[in-house]
Amino acid sequence: MAGDDSPVETKKGTSKKNPKNSKESTLKQKSPAEFFAENKNIAGFDNAGKSLYTTVRELVENALDSAESISELPEIEVTIEEIGKSKFNSMIGLIDRERVDTKLYDDYETEKAREKRLAKEARASEIQAKNLASGKKNKEPGVSKVLKARGEGSFYKVTCKDNGKGMPHDDIPNMFGRVLSGTKYGLKQTRGKFGLGAKMALIWSKMSTGLPIEISSSMKSQNYVTFCRLDIDIQRNIPHIHLHEKKVNNDQWHGAEIQVVIEGNWTTYRSKILHYMRQMAVITPYAQFLFRYISETPEKNVTIKFTRRTDVMPPIPIETKHHPSSVDLLLIKRLITDTSKKTILQFLQNEFVNINKTLATRLIGEMGTDFSPSMAVKSVTSQQMVRIHQLFRQAKFDDPSGDCLSPAGEYNLRLGIIKELHPDMVATYSGSAQVFEGHPFIVEAGVSVGGKDVKQGINIFRFANRIPLLFEQGADVVTRTALKRINWSSYKINQTQDKIGVFVSIVSTKIPFKGTGKEYIGDDISEIATAVKSAIQQCCIQLKAKIVKRMQAREQQERKRSLSRYIPDATGAVYDVLKQMTEEHRTKRKRYGEEDTVMLDKVSKQIITKETLKEKLAQHVEQVDYEMALEYATQSGVSEEPRENIYLQHLNPNNSNFIDLHSPTFVFRLIL
């Protein structure tokens with residue numbers, strides 16, 4: 001009978017068991033930490049090498065945010081220390097053990113495989129000896145493949161120290177040991193892509209080494225330093241605290257130092273990590289970075305210092321309210337639940353940008369008779385929320401302003417490019433705020449020609465909310481625009497032979513990343529694609545003017561060089577004619593005018609010589625060259641004076657009594 005829960009009787013009178021086990025039918029829940037642990041590629045932890053890169057990136061970006069939040073010029077130290085197998089085993093309390101059954105291991109080499117490898121190496125050595133004897137050039141010897149067991153990972157201790165805000169003593173466990181809890185979840189421009197920060201590094205550490213993370217932190221004016229050692233309970237998404245104590249802060253230090261041991265791969269991701277640090281130095285020239293890699297082999301150590309070249313920092317990003325055209329039903333429901341306002345009129349006025357009292361009243365009138373300005377906002381039903389959402393999507397609103405954004409600024413972008421690349425020429429441009437899907441964005445661009453460590457052709461440097469993007473470059477809007485939509489030859493730039501650097505920085509309250517890793521910005525948003533193209537073109541227009549002037553100067557120098565080349569011959573010919581005239585005048589074979597007679601007398605008295613004629617001709621060439629240049633400048637107009645790179649420093653670091661006067665190419669500081 002339908003609805004009867006009794007067991008079904010079989011022909012033999014035995015009851016049939018329920019095919020579904022009660023344990024299997026129980027609903028299961030996953031914690032956020034467990035989800036990201038199982039889908040770590042979403043947060044950039046695809047493999048050991050990329051996990052090392054992402055850990056460095058997350059720690060550096062947190063350090064920058066921390067220092068900038070208190071308007072402190074960032075000083076960041078990053079250290080990656082290689083940890084050998086023996087040292088790692090001692091850290092986790094494991095005693096090294098020699099292999100007993102060697103055939104059990106993945107890297108075991110059979111006798112046949114060993115003979116084959118040795119024979120191959122012997123043949124290679126024989127070929128090299130023959131080539132050497134015959135004078136032929138040898139190819140670089142290939143690196144013999146060393147078998148490595150799958151379980152033998154490489155481990156690294158990553159340390160990042162900053163001079164930022166620090167963290168409150170009681171908040172540290174939750175800030176690191178509880179996924180999706182933090183201080184960056186408002187609507188504003190942020191560097192983070194997922195809001196995970198160092199939490200994902202801790203999860204990766206838990207998965208790959210089992211070792212806890214160590215945090216030291218102190219806030220300004222605190223007389224103690226917090227030390228916390230913890231890991232994370234992935235199933236319950238809560239911190240597991242090993243040690244949480246206060247120490248005396250004798251040095252009055254403020255900031256944070258985070259240390260985590262993870263599995264990684266320095267060999268394959270060395271270039272990516274160093275490129276990241278270099279590009280971060282380009283976009284934040286007001287920061288000082290010290291990067292160290294400490295190897296078990298001392299000759300492989302790396303130390304690079306990226307010095308600060310300015311103390312002008314961008315403004316701190318401001319948290320803003322939602323634009324009506326950018327909200328969805330869930331967000332409207334959450335805003336209504338969280339709002340402290342009483343009426344729907346107050347709610348519309350205070351929870352959204354660009355809705356004043358007059359517009360709010362008009363919107364309420366358009367919503368229908370079941371809405372009124374004095375209606376309690378908490379009484380809005382689900383159906384009424386849908387009506388609000390529909391009207392928001394159809395109504396016309398003013399675009400949000402870009403006042404809440406914090407672009408790097410033309411001055412910093414230009415300074416960063418000059419500091420790191422040393423180009424022959426550079427041009428920068430910062431566009432005005434524009435909008436996509438209700439979110440403001442600003443595109444800044446820089447184009448350089450020449451420089452050190454720059455390959456021939458187009459070299460693209462992408463930044464989103466002032467962080468470098470190094471992966472999945474081919475599909476990015478900046479790459480496609482630079483390669484396909486810019487006619488470089490029309491700006492006197494050779495896109496295959498010149499060393500071209502294209503720098504594009506996009507800042508927004510919502511960066512429209514594509515892909516699970518959030519490593520590139522799609523080419524399908526027309527507003528952003530148009531803004532990127534326009535910004536690059538503006539830079540190219542500036543460069544074209546400089547290149548044309550340089551070409552004209554080169555032509556002028558060539559013309560002057562050509563004229564100067566004929567001075568000796570012309571001098572000799574003229575002097576020979578003068579000597580002949582002098583002889584005719586002396587023998588009275590030919591009469592000359594008074595002026596000619598005076599000149600010929602000077603020739604006969606050696607006052608005018610071949611050398612004096614040569615000097616006069618050289619002066620005349622200089623004069624003609626100057627007059628032609630002056631005529632060109634008068635006709636075309638001198639729109640740009642020669643510029644020099646100027647780096648301003650404080651006269652007194654403790655003196656804050658000054659005024660900064662900004663321009664795209666320099667900042668003039670007036671000390672009061």
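Along each chain, numbering runs from 1 in the same order as the chain's sequence is written. Restriction of local features to residues with pLDDT of at least 70 applies here, the model being predicted, together with a cutoff of 80 or more for giving and counting side-chain atom pairs; totals for whole chains, interfaces and linings are based on all residues. Side-chain figures throughout are based on the complete set of non-hydrogen atoms in the structure, without hydrogens or water.

- In the annotation of an unreviewed UniProt entry, the entry for the protein chain reads DNA topoisomerase 6 subunit B, and the organism field reads Arabis alpina.
- The Sequence similarities (unreviewed entry) field of the UniProt record for the protein chain holds the comment "Belongs to the TOP6B family."
- UniProt positions are given in the numbering used here, feature names are shortened, and annotations may be inferred rather than shown by experiment. Under the Subunit (unreviewed entry) heading, UniProt states for the protein chain: "Homodimer. Heterotetramer of two TOP6A and two TOP6B subunits."

### A look at the sheet that holds strand β1 (residues 75-83)
- Read from one edge to the other, the open sheet built from 8 strands follows the order β5-β4-β3-β6-β2-β1-β7-β8, with strand pairing classed as mixed. Looking at the sheet topology across the chains shown, the edges are occupied by β5 (238-248) and β8 (302-306). Taking the axes of each pair of neighbouring strands and ignoring which way they run, one obtains an average angle of 15 degrees across the sheet.
- Any two strands with at least two DSSP-identified bridges between them are counted as paired. Only DSSP runs of H or I covering at least 4 residues are called helices, and only runs of E covering at least 2 are called strands; the numbering of each starts at the N terminus. In this sheet, strand β6 (residues 255-264) lies alongside strand β3 (residues 213-218) in antiparallel orientation, the contact comprising 5 bridges. The residue bridging serine 218 from the neighbouring strand is glycine 255, located in β6.
- Against the sheet, helix α2 (residues 48-68) contacts β1, β2 (154-161), β6 and β7 (288-294), and its axis sits at roughly 175 degrees relative to β6. Interaxial angle, 0 to 180 degrees, is taken between N-to-C directions of lines fitted to C-alpha atoms, where a helix line uses only the stretch in contact. Contacts: residue pairs with any heavy atoms within 4.5 Å of one another.

### Topic: a positive patch on the surface
- Patch membership needs two things, relative accessible area over 30% and no salt bridge, and members are linked within 9 Å if like-charged or within 5 Å if nonpolar (Val, Leu, Ile, Met, Phe, Trp, Tyr). Surface exposure here means Shrake-Rupley accessible area, sampled with a 1.4 Å probe, where a residue is shielded only by the protein chains that are shown. In what follows, salt bridge is the name for a side-chain nitrogen of Lys or Arg lying within 4 Å of a carboxyl oxygen of Asp or Glu. Charged residues are defined narrowly, with Lys and Arg counted positive, Asp and Glu counted negative, and His plus the chain ends left uncounted. To locate a charge, the coordinates of NZ of Lys, CZ of Arg, CG of Asp or CD of Glu are taken. On the surface, Lys112, Lys116, Lys120 and Arg123 cluster together into a patch of positive charge.
- Locating arginine 123 in the fold gives a position in helix α4 (residues 111-134).

### Looking at the side chain of aspartate 162
- Tracing the sequence through the fold places aspartate 162 in the loop between β2 and α5 (172-177).
- Relative accessibility thresholds used throughout: buried, under 20% of the residue-type maximum; exposed, over 50%; partly exposed, between the two (1.4 Å probe, protein chains only). Buried within the structure, aspartate 162 lacks any salt-bridge partner; lysine 161 is the closest side chain of opposite charge, at an N-O distance of 9.5 Å.
- Side-chain polar atoms of aspartate 162 contact the backbone nitrogen of glycine 164, separated by 2.8 Å.
- When neighbours within four sequence positions are excluded, aspartate 162 is seen to be in contact with Ala63, Ser66, Glu75, Ile76, Trp253, His254, Gly255 and Ala256. Distance and chemistry together define a polar contact, namely a pair of N or O atoms within 3.5 Å, with one atom able to donate a hydrogen and the other to accept it when in protein, and with adjacent residues in sequence counting only for side-chain atoms on both sides.

### A closer look at the pattern of salt bridges
- Evaluation of the coordinates by the stated rule reveals 20 salt bridges.
- Two residues, arginine 57 and glutamate 58, come together in a salt bridge whose shortest N-O distance is 3.1 Å. Side by side, arginine 57 and glutamate 58 carry an identical accessibility label, which is buried.
- A salt bridge links arginine 57 to glutamate 519; the shortest N-O distance between them is 3.6 Å.

### Examining unusual backbone geometry
- Even without glycine at this site, asparagine 354 takes up a positive phi of about 65 degrees.
- Relative to the helices and strands, asparagine 354 is located in the loop between α9 (344-351) and α10 (357-367).
- With a phi close to 50 degrees, glutamate 437 is a non-glycine residue in the positive phi region.
- Along the chain, glutamate 437 falls in the loop between β10 (434-436) and β11 (439-449).
- Glutamate 437 sits in the exposed class, given a relative accessible area of 54%.

### Some words on the nonpolar core
- Ranked by internal contacts, the top residues of the largest apolar core, which has 67 residues, are Val60, Ile80, Phe176, Trp266, Phe289 and Phe291.
- If one sorts the elements of this core by residue count, helix α7 (residues 266-283) sits on top with 10 residues.
- Just so you know, the domain bounds were taken from an automatic or database domain assignment. Taken together, domain 1 (32-90 + 152-306) and domain 3 (410-539) each give at least three residues to this core, which thus spans both.
- Excluding anything up to four places from it in sequence, phenylalanine 289 contacts Val60, Leu64, Ile76, Met277, Met280, Ala281, Thr284, Ile304, Lys305 and Phe306. Each nonpolar core is a collection of buried residues, namely Ala, Val, Leu, Ile, Met, Phe, Trp, Tyr and Cys, held together in the definition by side-chain atoms within 4.5 Å.

### Notes on the environment of lysine 492
- Inspection of the secondary structure assignment puts lysine 492 in the loop between α13 (477-485) and β14 (499-508).
- On a C-alpha basis, the gap between lysine 492 and methionine 551 in space is 9.8 Å, while along the polypeptide they are 59 residues apart.
- The residues touching lysine 492, leaving out its near neighbours within four places in the chain, are Lys544, Ile547 and Val548.

### Structural notes on a nonpolar patch on the surface
- Among the surface-exposed residues, Met91, Ile92 and Leu94 lie close enough to one another that they form a single nonpolar patch of about 240 Å² accessible area.
- Overall, isoleucine 92 belongs to the partly exposed group, its relative accessible area being 36%.

### Describing the packing of aromatic side chains
- Only centres within 6.5 Å qualify two rings of Phe, Tyr or Trp (six-membered ring in Trp) as a pair; their planes then separate them into stacked at under 30 degrees, edge-to-face at over 60, and tilted for everything else. Counting across every chain of the model gives 12 aromatic pairs.
- With a centroid separation of 3.9 Å and 5 degrees between ring planes, the pair formed by phenylalanine 88 and phenylalanine 155 is classed as stacked. Taken together, the residues phenylalanine 88 in helix α3 (residues 85-91) and phenylalanine 155 in strand β2 connect sequence positions 67 residues apart. Judged on exposure class, the residue phenylalanine 88 and its partner phenylalanine 155 are both buried.
- Aromatic rings pair up to connect Tyr53, Tyr269, Tyr276 and Phe471 into one cluster.
- In this structure, lysine 161 packs its charged tip against the face of tryptophan 253, placed 5.6 Å from the ring centre. Charge-over-ring contacts are defined here by two conditions on Lys NZ or Arg CZ: a distance within 6 Å of the ring centre and an angle within 35 degrees of the ring normal.

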